[in-house]
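# Secondary and tertiary structure notes
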Amino acid sequence: MAELTTLDRPFPPGEYPVVVIGSGPGALQVTASLRAVGVSSATVSADPSPGGMFRRWPHFQRLLSWTKPYAPVARGTRAYERYDWNSLLTDHPAARALQPGLMDGTSYFPSRPEMEANLAAFAERAGIAIRYGCRWTATRRVETPDGDRFEIETTDGVYRCQVLVVAVGVAEPFSPPGIGMELSHHYADVRPAEAYADRRVLIIGKQNSGFELATGLLPWARQLILVSPSRARLSVETKTLVGVRARYVQPYEDHVLGGGVSVLDAAIDRIEPAGDVQMTVHLRRTHGGPDLAIEVDDVISATGFVSPLRDLPDLGVTTFGASRLPVQTPWWESATVPGIYFAGTIGQGSKGLQKHGVPSNSGAVHGARYNARVLAGRIAQLHFGYEPDRPHLAPDTIEGFIAGELAEAPELFHQRGYLAHVLTADPEGGVRDDGVQPLAHVLDGGGPDAIAATLEADGSGAIYPVVYTRIAGRIVERAIESDPLMRFDTIDVRRAIGELAGLVMAH
């Protein structure tokens, strides 16, 4: 087959309403969702195929997000999305719930190749065209008679658009500065596990990536030492996705049982070359005590990744934190450069309320996919005149509708305390269904009288409904008792919803 030329590939350089950068799950989802609301876009990616970071990581194959082939509801239904954390969203039946059909049955955590195959299959079956091998190199904002436009320079040429969606992940390796850090190598450069056979390995970092490496190296390394200033937190302790997930707890158990793994609360002072060993790592204990000097063969920096934003900060995009995430509005738009939006894991820069200290799941596929769908509707409505359908609900149907959403809606389940289903009072009676929106926008953005339903968690392990009312600009919050089986369509729940809806409609 002849090699495709620049002009043969989809989306040649030129002007488009929206340009999406990336080909990971965030870019695939937002591209599909834009098309679903009638917005034309061009998607470009430096990669040769779909998958984003899943083309390379995690090193030891298994993901932390599960897909359960057998669930209490039928595969492919909306309710099944609660049990399938890895498939992307579409109305095309042939492209729904793809992940379970690509797994070999040995685990309900997909392997990295299975996840990559899932994303490639989605792109093919949903008809998502992407211009691969097209690397983004620079960005400008230019004035035109039709308003400001963005110019995106790429290795294939210049693209111009009204709206830019950046879905490049948090994918640029980051190692902190320090004396001797050049002697270490990053998670991104880890060798095959057998290359560490009979070696003493120190891992900087006690998050999931550090414990993933420790788990994979347990059968090989002579000694494993995990180091960071803060203590390791486990998800089974926090009762959220914050902390080291249960799949990676074996090294921690070896540590507490004295099995040859050490987990230390200490900071790296310096790393020095040594004589008969590769290097000596000097540590300062977090909670006092004598400094330590440990001789090791390898130091691996499992210190995370940053957002590869190119020159967007020079354009005015403000970032924050160690991951250099862009500061965003509740609608995932740059807070400092209107018209630039973020999709995929980079959307975790829109923090939401973080009630009880529980963050959103925007950094993972099962949360970011819903953000991308909501984002596409927002872009279509705000920039391209799209008028979403706002079905009317009669007063006697509101209780059942909201109770049903609390019981089954995957958006509310996966993005607890972050996304909410919003019903707005209709002056002619009843309410209008305004769909799923960011809860922070609902509570802070003002607007007509409304009722917003979400699920929340407080870190105790309980998941429970919360219904907010907005009446004459005043917000009232009503939490509803949790149910151990998450049955949120009971008579008591319906009664509470009916009372609140009545207040909204009566005003």
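Residues numbered from 1 in each chain as written. Predicted model: local features only at pLDDT ≥ 70, side-chain atom pairs only at ≥ 80, totals over all residues. Heavy atoms only, no water.

### Brief notes about the sheet that holds strand β13 (residues 298-301)
In plain terms, the rule: By the convention used here, strands pair only if DSSP detects at least 2 bridges between them. In this text, helices come from DSSP runs of H or I with a minimum length of four residues, and strands from runs of E with a minimum of two, each type numbered from the N-terminal end. Residue contacts are defined here by distance: any two heavy atoms, one from each residue, within 4.5 Å place the two residues in contact. Note on geometry: axes are lines fitted to C-alpha atoms, helical ones only across the stretch in contact, with angles between N-to-C directions running from 0 to 180 degrees.
Taken in spatial order, the 7 strands line up as β7-β13-β8-β9-β10-β11-β12 in an open sheet, and their pairing is mixed. Every interior strand has two partners, whereas the edge strands, β7 (185-186) and β12 (292-296), have only one. Where helix α3 (residues 208-217) meets the sheet, it contacts β8 (200-204), β9 (223-228), β10 (261-273) and β13, and its direction lies at approximately 175° from that of β9.

### Side note on the packing of aromatic side chains
To keep it simple, the criterion reads: Think of it this way: a Phe, Tyr or Trp ring, Trp meaning its six-membered ring, pairs with another when their centres are within 6.5 Å, and the plane angle makes it stacked under 30 degrees, edge-to-face over 60, tilted otherwise. Each residue gets one of three labels from its accessible area relative to the maximum for its type: buried under 20%, exposed over 50%, partly exposed in between, using a 1.4 Å probe on protein chains only. To sit over a ring, a charge needs its Lys NZ or Arg CZ within 6 Å of the ring centre and within 35 degrees of the ring normal.
Across all of its chains, the model carries 10 aromatic pairs by this definition. Pairing W57 with F305 gives two aromatic rings, centres 5.0 Å apart and planes at 50°, and the pair type is tilted. With W57 in the loop between β2 (41-44) and α2 (112-125) and F305 in strand β14 (residues 305-306), the pair connects residues that are 248 residues apart, well separated along the chain. Just as W57 is buried, F305 falls in that class too. One aromatic cluster in this structure is built from W66, W85, Y108 and F109. Directly above the ring of W66 sits K68, whose terminal nitrogen or CZ lies 4.8 Å from the centroid. Its end group placed over the ring of F109, R247 keeps NZ or CZ at 5.0 Å from the ring centre.

### A word on the packing of helix α1 (residues 25-36) against helix α7 (residues 365-384)
Inclusion rule: Note: crossing handedness is left-handed where the near helix turns anticlockwise from the far helix by less than a right angle, and right-handed where it turns clockwise. Polar here means any residue other than Ala, Val, Leu, Ile, Met, Phe, Trp, Tyr, Cys and Pro, which are nonpolar, and Asp, Glu, Lys and Arg, which are charged; Gly is therefore polar.
The N-to-C vectors of α1 and α7 enclose an angle of 35°; their axes lie 8 Å apart at closest approach. Crossing angle aside, the handedness with which α1 passes α7 is right-handed. Residues P25, G26, Q29, V30, S33 and L34 of α1 form the contact with α7, whose participating residues are V365, R369, A372, R373, L375, A376 and I379. Taken together, the residues that form the contact of α1 with α7 break down as 8 nonpolar, 3 polar and 2 charged.

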